[in-house]
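Chain by chain, the residues run as shown.
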Amino acid sequence: MNAKPENAITPDYAGGDGAFAQTFREVFRRHAAGVAILTVNYGGRPYGFTATSVASLSVEPPRFTFNMARTSSSWPAVANSTYIGVHMLGLENRELAERFARSKDRFSADNWETGPYGVPLLKDVPAYLVGRIELRLSFENNAVVVVDVVEGSLGDEKTPLLYHSGRYVRPHPIEYEI
């Protein structure tokens, strides 16, 4: 991909008409991502949020990373806690993903319990990990968080929940298997 397409838009960091900002958003809308919920206990209260930025960082030692806005209502809890949980979601968890993305009443249902290190653990998810937050790297209004895994569990294997083009979707199997 060496040639610049005719319809390419380059960033104008000095302001401009915002065309590049729209292109940037659209590029990442076209990138499908797995949906997860991160949870933390801060001051005896459960906090959580839906995320699509969770990624495996290393297997040895087991680590994962995620990104979040420091303007998020959950940031103070993440910034000041030691342990955090990540829950990988399946199609059956769509309503849960929406609640943690849009509602302030995230833990009102009987959908969670207190787990190791006081971390809120969601019930009926395909898998979860609990880890110790080792690094919070702030950059402008965002943060990259690195977590060392200390515990995890697998539930029933389910079809994963994906986020693509501004909505939740299911993967479509292809005929060829690797």
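Scope of this entry: the structure provided in the associated data block. (Residues numbered from 1 in each chain as written. Predicted model: local features only at pLDDT ≥ 70, side-chain atom pairs only at ≥ 80, totals over all residues. Heavy atoms only, no water.)

## Examining the overall build of the protein
The secondary structure content of the protein amounts to 3 helices and 12 strands. Buried positions account for 32% of the 178 residues belonging to the protein. When contacts within the protein are restricted to residue pairs at least 6 apart in sequence, long-range pairs at least 24 apart make up 62% of them. As displayed, the protein has an accessible area near 11,700 Å², and 51% of this comes from carbon and sulfur atoms. (Helix = DSSP H or I, 4+ residues; strand = E, 2+ residues; numbered from the N terminus. Buried < 20%, exposed > 50% of the residue type's maximum accessible area, 1.4 Å probe, protein only. Contact = heavy atoms within 4.5 Å. Areas by Shrake-Rupley, 256 points an atom, 1.4 Å probe, with all protein chains shown as cover.)

## Brief notes about the packing of aromatic side chains
Within the structure shown, the criterion is met by 7 aromatic pairs. When the centroid spacing of 6.1 Å and the interplanar angle of 50° are considered together, the rings of Phe49 and Phe66 count as tilted. Here the residue Phe49 occupies a position in strand E3 (residues 45-51), and Phe66 occupies one in strand E5 (residues 63-69), the gap between them amounting to 17 residues. The class of Phe66 is buried, set by a relative accessible area of 0%. With a centroid separation of 4.0 Å and an interplanar angle of 15°, the aromatic rings of Tyr83 and Tyr117 are classed as stacked. Taken together, the residues Tyr83 in strand E6 (residues 83-88) and Tyr117 in the loop between strand E7 (112-114) and strand E8 (120-122) connect sequence positions 34 residues apart. The exposure class of Tyr83 is buried, given its relative accessible area of 19%. Members of the aromatic cluster, each reached through a chain of ring pairs, are Phe100, Phe107 and Trp112. (Phe/Tyr/Trp six-rings, centres within 6.5 Å; stacked < 30°, edge-to-face > 60°.)

## Comments concerning the pairing of strand E10 (residues 142-154)
Two strands pair when backbone bridges link them, and E5 and E10 are joined in this way by 7 bridges, in the antiparallel orientation. In the strand pairing of E10, Ala69 is matched with Asn142. Pairing analysis gives 12 bridges linking strand E9 (residues 127-139) to E10, with the strands arranged antiparallel. Residue pairing across strands places Phe139 opposite Asn142, the latter belonging to E10. In this structure, the hairpin formed by E9 and E10 is closed by a connection of 2 residues, where Glu140 is found at a positive phi of approximately 55°. (Pairing = 2+ DSSP bridges.)

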